[in-house]
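Per-entry structural report
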Amino acid sequence: MAKWTNADGLEVWLGTTEAEVTVAGELPAEGDFRQWELDLDLTALADASALVPRTRSTLIPKGTFITKVIVINQVAATGTNATLNLGLIRQNKSTTYDVDGLLVAAPRTDWDSAGETKEYVIGVTGVGALVGTTLANSGYLVADYETAAFSAGKVRIIIEGYVVRPAVTN
C-alpha cells in the first residue's frame, strides 16, 4: 500500500493499491448538475470523524451548491439510538471543513429498513449546514456515528448539487 504525493499534491498510488476498487465516485451528469455516490458500511464507522475508506478519489469541488443528500438503505441498519454524521475535510486531509456538514445526527429510524430511502433537504431533521449552500472549499468525505454505534447496516448515499457559474460582467 505504497503512495507518494507529488509536487502538485496529487497522490500517486503504487503496487496493488493502484487498482484498488473505490466505494464512491462522481456519477455521469450533463450540464452543471452533479452527483456523487457512496456505499457506506455503517459498522465500520467510529465515534470520531474520519476519512471514509476507499474514497480517496472522490472530491467534491469548491463552488458546488449542495441541494440534497439521499440515503438509501441496502442492509437493515440496527443500533439503539445510532445516528449518522457525514461531512467534508479539506484537500490536505488534515484540516477540518465541516465534519457533519452533509448529515448531522441523521436518525437511523429515517432509513433503518432495507430499501427505505430518505432525502435530506433544508428543513429536514438530520440535514447538515452545507446543504443549501455553495462550498467555499473542496473536500473529501468523512463520516462517523453519533450517540451510539451501528451494529449492522449498509447504505448508499447520493449527494446532489450543481456548479455555480461566476457572474458575467461586461
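This text goes with the structure placed above it.
So, here is what we can say about the structure in this document. Given the structure is predicted, the values throughout are model-derived calculations rather than measurements.

Cut-offs and rules
Residues numbered from 1 in each chain as written. Predicted model: local features only at pLDDT ≥ 70, side-chain atom pairs only at ≥ 80, totals over all residues. Heavy atoms only, no water. Helix = DSSP H or I, 4+ residues; strand = E, 2+ residues; numbered from the N terminus. Pairing = 2+ DSSP bridges. Axes fitted to C-alpha atoms, helices over the stretch in contact; angles between N-to-C directions.

**Considerations on the environment of R54**
Checked against the element boundaries, R54 lands in the loop between strand 5 (50-51) and strand 6 (59-60). In sequence terms R54 and L27 are 27 residues apart; their C-alpha atoms lie 16 Å from each other.

**Quick word on the sheet that holds strand 4 (residues 33-41)**
If you walk across this open sheet you meet the 5 strands as 3-4-12-7-10, and the pairing is antiparallel. The sheet is open, and its two edges are formed by strand 3 (24-27) and strand 10 (117-120), each paired on a single side. Recorded for the sheet is a direction-independent mean angle of 20° between the axes of neighbouring strands. Here strand 7 (residues 64-78) pairs with strand 10 via 4 bridges, running antiparallel. Considered in strand 10, the bridge of I70 is made with E119.

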